[in-house]
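Spelled out, the chains give:
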Number of protein chains: 2
Amino acid sequence: MAAGYRVAVVGATGAVGQEFLTVLKERGFPIAELKVLADESWDGKQIAFGDEQLTVQTAVPESFRGVEIALFATNGPVSEALVPEAVKRGAVAIDNSSAFRLDPEIPLVVPEVNPQDVGWHKGIIANPNCSTILFVVPIKPLHDAARIKRAVVSTYQAVSGAGAAGLDELLTQTRQVLAGESIQPGVFPYQIAFNLIPHIDVFDENGYSREEMKMVLETRKILHDQNLKISATTVRVPVFRSHSESVNIETERKLTPGAARAILAGAPGVVVEDDPRGLKYPMPLFSSNHDEVFVGRIRDDLSCEQGLNFWLCGDQLRKGAATNAVQIAELLVNDRPARRI
Amino acid sequence: MAAGYRVAVVGATGAVGQEFLTVLKERGFPIAELKVLADESWDGKQIAFGDEQLTVQTAVPESFRGVEIALFATNGPVSEALVPEAVKRGAVAIDNSSAFRLDPEIPLVVPEVNPQDVGWHKGIIANPNCSTILFVVPIKPLHDAARIKRAVVSTYQAVSGAGAAGLDELLTQTRQVLAGESIQPGVFPYQIAFNLIPHIDVFDENGYSREEMKMVLETRKILHDQNLKISATTVRVPVFRSHSESVNIETERKLTPGAARAILAGAPGVVVEDDPRGLKYPMPLFSSNHDEVFVGRIRDDLSCEQGLNFWLCGDQLRKGAATNAVQIAELLVNDRPARRI
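In this text, all values refer to a predicted model and were calculated from it rather than measured experimentally. (Residues numbered from 1 in each chain as written. Chains lettered and ligands numbered in written order. Predicted model: local features only at pLDDT ≥ 70, side-chain atom pairs only at ≥ 80, totals over all residues.)

Asks: I keep staring at the domain arrangement of chain A and nothing clicks. Help me out?
Replies: How big an interface is tends to be expressed through the accessible area that disappears when the partners come together. Residue and element names in this part refer to chain A. Looking at chain A, the domain boundaries give domain 1 (5-127 + 321-333) and domain 2 (131-316). When each unit is reduced to the centre of its C-alpha atoms, the spacing between domain 1 and domain 2 is 25 Å. Listed as interface residues are 14 residues of domain 1 and, on the opposing side, 17 residues of domain 2. For the side of domain 1 that touches domain 2, the secondary-structure elements that each account for two or more residues are α1 (15-26) and α8 (318-333). In terms of residue count, the dominant contributor to the side of domain 1 that touches domain 2 is α8 (three residues). Its residues assigned to classes, the side of domain 1 that touches domain 2 comprises seven nonpolar, five polar and two charged. (Domains from an automatic or database assignment. Contact = placed C-beta atoms within 7 Å. Helix = DSSP H or I, 4+ residues; strand = E, 2+ residues; numbered from the N terminus. Nonpolar A, V, L, I, M, F, W, Y, C, P; charged D, E, K, R; others polar.)

Asks: Can you help me understand the sheet that holds strand β1 (residues 5-10) of chain A in this one?
Replies: Whether parallel or antiparallel, the strands of a sheet pair through hydrogen bonds between backbone atoms. Residues and elements named next belong to chain A. With mixed pairing, the seven strands of this open sheet are ordered in space as β3-β4-β2-β1-β5-β6-β7. The outermost strands of the open sheet, each flanked by one partner alone, are β3 (46-49) and β7 (124-126). The average undirected angle you get between the axes of adjacent strands in this sheet is 30°. Bridge count between β1 and strand β2 (residues 31-38): six bridges; the pairing is parallel. Following the sheet pairing, Ala8 is matched in β2 by Lys35. (Pairing = 2+ DSSP bridges. Axes fitted to C-alpha atoms, helices over the stretch in contact; angles between N-to-C directions.)

Asks: Mind showing me how you'd approach the interface of chain A and chain B here?
Replies: With 51 residues of chain A at the contact, the number on the chain B side is 51 residues. Of all the secondary structure elements, the ones that give two or more residues to the side of chain A that touches chain B are β8 (148-156), α4 (163-178), β9 (229-233), β10 (242-251), α7 (284-287), β12 (293-300) and β13 (307-315) of chain A. Among the residues forming the side of chain A that touches chain B, the class breakdown is 28 nonpolar, 15 polar and eight charged.

Asks: Can you walk me through the nonpolar core in this structure?
Replies: Side chains that are nonpolar tend, in soluble globular proteins, to be buried together. Counting residues in hydrophobic clusters, the biggest one holds 209 residues, and the most contacted among them are A:Phe20, A:Leu71, B:Phe20 and B:Leu71. Setting aside residues no more than four positions away along its own chain, B:Phe20 makes contact with B:Val9, B:Ala12, B:Leu71, B:Ala73, B:Ala322, B:Ala325 and B:Val326. (Core = buried A, V, L, I, M, F, W, Y, C linked by C-beta atoms within 7 Å. Buried ≥ 20, exposed ≤ 12 C-beta atoms within 10 Å, placed from the backbone.)

Asks: Before we go on, may I ask you to explain the sheet that holds strand β11 (residues 270-272) of chain A in this structure?
Replies: Residues and elements named next belong to chain A. With mixed pairing, the six strands of this open sheet are ordered in space as β9-β8-β10-β13-β12-β11. Looking at the sheet topology across the chains shown, the edges are occupied by β9 and β11. Neighbour-to-neighbour, the strand axes of this sheet turn through a mean angle of 25°, independent of strand direction. Strand direction decides the pairing type here: β11 and β12, joined by three bridges, are parallel. Counted as the bridge partner of Val272 is Val295 from β12. Packing against the sheet, helix α3 (residues 130-146) makes contact with β8, β10, β11, β12 and β13, and its axis sits at approximately 30° to β10. Packed on one face of the sheet, helix α6 (residues 257-265) meets β11, β12 and β13 and runs near 165° to β12.

Asks: What is the right way to read the packing of helix α3 (residues 130-146) of chain B against helix α5 (residues 210-223) of chain B from this model?
Replies: When two helices pack together, their arrangement is given by the angle between the helix axes and by the axis-to-axis distance. All names here are of chain B. Two elements in contact, α3 and α5, have axes whose closest approach is 10 Å; the angle formed by their N-to-C orientations is 40°. In this view, α3 runs oblique relative to α5, as classed from their interaxial angle. Helix-helix and strand crossings are classified by hand; for α3 and α5 the assignment is right-handed. Contacts from Ser131, Thr132, Phe135, Val136, Lys140 and His143 in α3 reach Glu211, Lys214, Met215, Glu218, Thr219, Ile222 and Leu223 in α5. In terms of residue class, the contact of α3 with α5 is made up of five nonpolar, four polar and four charged. (Parallel < 35°, antiparallel > 145°, perpendicular 65-115°, else oblique. Left-handed = near helix turned anticlockwise from the far one by under 90°.)

Asks: In this structure, what is going on with the environment of B:Ile125? I would like to understand it.
Replies: Residues and elements named next belong to chain B. As for its placement among the helices and strands, Ile125 is situated in strand β8 (residues 124-126). Measuring from C-alpha to C-alpha, the distance between Ile125 and Ala325 comes to 9.1 Å, with 200 residues separating the pair along the chain. If we skip the residues at most four places from it in the chain, Ile125 touches Val92, Ile94, Pro107, Val109, Val118 and Ile328.

Asks: I'm lost on α5(B) in this one. Help?
Replies: The α-helix advances 3.6 residues per turn, and as a result positions three or four apart in sequence lie on the same side. Residues and elements named next belong to chain B. With 14 residues, α5 ought to run about 20 Å at 1.5 Å a step, and its terminal C-alpha atoms sit 19 Å apart, in line with that. Among the residues of α5, Glu211, Glu212, Met213, Lys214, Met215, Glu218, Thr219, Lys221 and Ile222 are the ones counted as buried. Buried residues along α5 sit against α3, β9 (148-156) and β10 (229-233). Immediately beyond the C-terminal end of α5, within one or two residues, lies His224, with a positive phi of roughly 50°. (Expected span 1.5 Å × (residues − 1).)

Encoded structure:
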């Protein structure tokens with residue numbers, strides 16, 4: 001096999017896991033050997049990696065023997081159980097679950113925002129929440145330019161955030177509604193087809209959902225700014241795979257829409273789509289299957305002198321999960337000789 | 001016929017017009033005679049009013065001879081042409097278009113909020129924009145209790161806002177997407193099925209859509225508070241007939257979530273649905289075909305000491321349009337002898 005790293009993808013059969021494989025292939029990540037791991041129900045099944053067929057193995061601690069980079073597309077409990085096993089066996093784990101994100105000993109990284117934090121990892125690097133990743137990519141350059149004091153964000157989140165089962169549920173329920181059949185919610189607490197659900201993850205005592213608190217706490221950690229004030233409302237919408245966010249920021253120094261547009265046009269990972277009269281603004285339909293965060297509707301906040309509004313869209317499975325994790329893996333291997341990550 | 005008023009519904013065959021008829025019937029509005037008017041393509045067709053069948057007539061100036069109350073479910077240009085003709089013939093016109101809403105000589109009324117403004121009409125009463133109506137119903141009692149200084153609102157607006165054609169377009173496009181067919185947008189600038197469009201009405205030079213500016217300017221007029229600062233982002237979502245809004249308010253006096261809940265629970269036209277852990281929160285699916293504004297997710301804004309967040313849903317065709325207009329008509333006829341409105 002080609003020179004490269006021994007890589008494992010854990011949870012390879014889920015929506016994010018599949019996207020990990022797609023993105024690793026697309027970006028030509030240097031792979032010497034690739035293990036695809038999942039729970040035992042998948043053991044022995046074949047999944048595609050480009051033109052190759054790979055055999056899924058059950059993820060157990062011993063699976064990580066010899067693995068150098070382990071990408072986890074697993075839920076919190078599975079990550080908590082297996083990530084330490086991978087690290088114990090010498091792998092660097094990049095984990096997409098929320099299990100380790102707020103641990104002060106573990107870096108939480110968005111490569112366009114805080115690539116330097118990869119430097120102090122002790123075996124685990126956490127991949128942030130999808131809405132948070134899409135949020136911080138444009139927030140970082142604006143914060144650097146004008147110091148954001150406060151942000152109010154309302155999200156419009158795709159069903160892919162609930163994995164392959166979420167995608168299936170929207171499709172199935174939509175067919176059922178059109179056929180006049182009754183709906184039995186499964187992944188989501190209520191019907192999501194032609195509906196909105198202001199409930200993602202579980203609720204804390206303060207009335208916020210965990211998803212909302214992730215946006216607050218993860219953003220502060222990624223930006224290294226515990227004073228940043230953020231108010232989030234997260235809402236599930238009947239869209240397949242791109243999240244959108246309506247963002248309002250208040251800055252210390254006035255940021256005109258023109259200045260913000262110029263800053264964002266030069267920012268890594270951002271595409272400015274902002275000519276509303278020319279019908280140019282970001283939409284989930286056109287940001288799906290792309291790696292960038294699309295930003296538009298940039299305008300003065302009429303309710304606040306130092307305020308600015310904008311609208312963003314980004315693919316939840318790609319930049320919101322897989323692309324960001326593979327970019328972290330690229331940071332690990334760049335500028336370092338193979339086998340010395 | 002029963003004792004009552006001679007009423008005309010103009011644009012009776014559209015989504016809002018149909019809802020006017022439903023709501024007039026449901027609420028037992030005192031009607032002596034009902035004319036259903038539309039453009040000439042509908043002339044002579046039958047439409048239902050409860051168990052009766054009414055014959056649609058082409059709306060022309062002479063249609064309003066003898067009419068006492070004319071409910072207009074027409075667009076701006078049609079309202080501009082016909083509303084003055086109705087008034088000239090002695091009718092009071094309640095107009096759902098945006099044509100007259102910001103005219104200082106014309107009251108803009110939400111009966112739960114500013115019923116007194118009906119008192120100074122000179123023949124025309126404007127029915128506000130749907131998102132604005134749903135917004136001001138809970139905003140008013142909170143403003144009275146704690147003085148709102150600033151509000152940031154992001155909307156999630158149903159396709160019924162674009163009338164019967166909008167409803168058809170979501171249904172047709174959804175079928176087409178499921179069948180793998182190509183989509184030709186008609187009413188909306190882009191595909192709305194499984195998508196979001198941050199564009200409602202046309203854009204002004206300041207980067208805001210007219211829909212967003214309606215929320216700012218109409219709210220100020222209805223609340224008689226030109227100092228109220230409002231920042232709005234309005235977004236079309238693939239939902240049939242209920243609008244939702246994520247609202248953030250900053251008040252002069254601190255309003256705890258408990259106090260806000262108590263105020264809203266006693267407010268006219270509001271239903272509080274707020275027990276997120278018990279899976280109780282407003283959703284478009286369950287607020288459709290109701291007249292109230294449903295409010296939940298009431299919580300402290302973590303980014304602002306005097307801040308409060310909440311989430312609301314309400315039926316766009318009912319409280320957002322028809323119910324509000326019929327309530328205005330009820331204000332006109334209550335406490336007044338028939339034939340003296």
